[in-house]
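# Commentary on secondary and tertiary structure
Now for the letters of each chain:
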Amino acid sequence: ANLSSFPGATIQYGTEYKVGVRTWIGTSSNSSGIYFEECFINTPSLESQVQTSQCGITLGDINTPVYADNISGAEAYTFELTNQSTLAVEEFEKTSGTLRAFTLANFPGSFVTYGTTYEVRVKVQVNGTYGSYGTMCTITTPSIPTPQLQTSQCNITLTDIETIIYADNVSGAEAYTFELTNQTTLAVEEFEKTSGTIRAFTLGDFSSTIVDYNTTYDVRVKVQVDGTYGSYGSICTLTTPPTPSVQLENFCNEQIPAINSYLISESVTAAE
């Protein structure tokens, strides 16, 4: 038998129980009679910790789910994190979903940083009562990511020189810096994006001296988190389209209203 076979006993964690056994053959009337020698058992204490496979690791991603050991009958888990560098402490109580799992996104953004080790303790609520915090484990967040252009725009030829180009999204990013290298002239220029959609840029954000049609550029990206920049990520290339052919923007195949009416061409970015 196990203790779940005795619902009337109100089984609790961290409690001693007396257990007796009797036997019979054929029918219960042919039993050994009284319970023979009694034994005592103690239920485990109501404690949990980060599961062994994740205790002491560096997370592959800052928002990787972290799991605590499962406790039967758990109604809630509380996770306590201590930043080993600043000694700041935060708690998060999980009362819905997968109770024994959390991510660092459950904690305030000002508390969570890359390249940081946190002490993690876990406590569990059963039957409306919390047990004690269990054994401490550490988890370490990864270094600031090194993004690049999103896969769908890496190593492509643009159909329009003003196409919006996106880098990989980085959780907690405050700014992105984009570096362009003209493969023909080897000229290099940087552009830092600190507002709007910070992971996006266009070639119009760079000076006209470096941007040209029918040209291939090496593009690298780096990101700032918590006031600190990480390293540049992998190079992607972008190739600009050929110099566009244009026509009139007005009065095309039409009669002009006056002999001296202005004829206006379609606009071309970087036209000289």
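Everything below is about the structure shown above.
Here the structure is a predicted model, which means the values were calculated and not measured. (Residues numbered from 1 in each chain as written. Predicted model: local features only at pLDDT ≥ 70, side-chain atom pairs only at ≥ 80, totals over all residues. Heavy atoms only, no water.)

This part is about the layout of surface pockets. Space inside the largest pocket adds up to approximately 430 Å³. Residue lining of the largest pocket: 18 residues in total, with I11, Q12, Y13, V126 and N127 positioned closest to the centre. Classifying every residue of the lining of the largest pocket by side-chain character gives nine nonpolar, nine polar and no charged. For the second largest pocket, the calculated volume is near 320 Å³. Lining the second largest pocket are 15 residues, and of these L3, F6, K18, V19 and G20 lie nearest its centre. Ranked by the residues each element gives to the lining of the second largest pocket, the list is headed by strand β1 (residues 16–19), at three residues. (1 Å grid on protein atoms, 1.4 Å probe; cavity = no way out; pocket = protein on both sides within 12 Å on 5 of 7 lines; lining within 4 Å. Points joined across faces, edges and corners; volume = space filled by probe spheres on them. Nonpolar A, V, L, I, M, F, W, Y, C, P; charged D, E, K, R; others polar. Helix = DSSP H or I, 4+ residues; strand = E, 2+ residues; numbered from the N terminus.)

This next bit is on the packing of aromatic side chains. Geometrically, a pair of aromatic rings is defined through the distance of the ring centres and the angle of the planes. Counting across every chain of the model gives ten aromatic pairs. Consider the rings of Y77 and F79, whose centres lie 6.1 Å apart with planes at 15°: the pair is stacked. The pair Y77 / F79 is uniform in exposure class, with both members buried. Among the aromatic side chains, those forming a connected cluster through ring pairs are Y77, F79, F92, F102, F107, F111 and Y118. Lying across the ring of Y130, K123 places its NZ or CZ 5.2 Å from the centre. Note that K222 overlies the ring of Y229, its terminal NZ or CZ placed 5.1 Å from the centroid. (Phe/Tyr/Trp six-rings, centres within 6.5 Å; stacked < 30°, edge-to-face > 60°. Buried < 20%, exposed > 50% of the residue type's maximum accessible area, 1.4 Å probe, protein only. Lys NZ or Arg CZ within 6 Å of the ring centre and 35° of its normal.)

In terms of residue burial, strand β8 (residues 117–126) counts as a mostly covered element, since seven of its ten residues are buried. Here strand β5 (residues 74–83) pairs with β8 via nine bridges, running antiparallel. Within β8, the position partnered with T82 by the bridge is E119. When β8 meets strand β10 (residues 137–140), the two strands line up antiparallel, connected through four bridges. Bridging from a neighbouring strand, Y118 pairs with I139 of β10. Here β8 folds back onto strand β9 (residues 129–130), and the loop between the two strands holds two residues, one of which, N127, carries a positive phi near 55°. (Pairing = 2+ DSSP bridges.)

This part takes up the environment of G73. Mapped onto the secondary structure, G73 falls in the loop between β4 (66–67) and β5. A sequence separation of 136 residues divides G73 from T209, and the C-alpha atoms of the two residues are 68 Å apart. The residues contacting G73, other than those within four sequence positions of it, are Q125 and V126. (Contact = heavy atoms within 4.5 Å.)

As for its position among the elements, T138 is in strand β10. Once you skip the residues sitting within four places of it in the chain, T138 turns out to touch Q54, C55, G56, I57, Q84, T117, Y118 and E119.

A word on a nonpolar patch on the surface. Residues V19, V21 and I41 make up a contiguous nonpolar surface patch of roughly 220 Å² in combined accessible area. Along the chain, I41 falls in strand β2 (residues 39–42). On the accessibility criterion, I41 (33% relative accessible area) is partly exposed. (Patch = residues over 30% accessible without salt bridge, like charges linked within 9 Å, V, L, I, M, F, W, Y side chains within 5 Å. Areas by Shrake-Rupley, 256 points an atom, 1.4 Å probe, with all protein chains shown as cover. Salt bridge = Lys/Arg side-chain N within 4 Å of Asp/Glu carboxyl O.)

What follows concerns the environment of F92. Turning to its location among the elements, F92 is positioned in strand β6 (residues 89–94). You can call F92 buried: its relative accessible area is 18%. Here the alpha-carbon distance between F92 and P108, two residues 16 residues apart in the chain, equals 9.8 Å.

For the rest of this paragraph, the subject is unusual backbone geometry. Phi at N127 takes a positive value of approximately 55°, unusual for a residue other than glycine. On the secondary structure map, N127 appears in the loop between β8 and β9. N127 gets classed as exposed once you look at its relative accessible area, which sits at 55%. Positive phi, normally seen in glycine, also occurs at L186, with a value near 65°. With a relative accessible area of 62%, L186 lands in the exposed category.

The next point concerns the state of the cysteines. Per the stated rule, a full pass over the model turns up two disulfides. Here C55 pairs with C137 through a disulfide, and the sulfurs are 2.0 Å apart. When the S-S torsion is -100°, as for the bridge of C55 with C137, the disulfide is left-handed. On the criterion of sequence distance, the pair formed by C55 in the loop between β2 and β3 (57–58) and C137 in strand β10 is long-range, its members being 82 residues apart. (Disulfide = S-S within 2.5 Å.)

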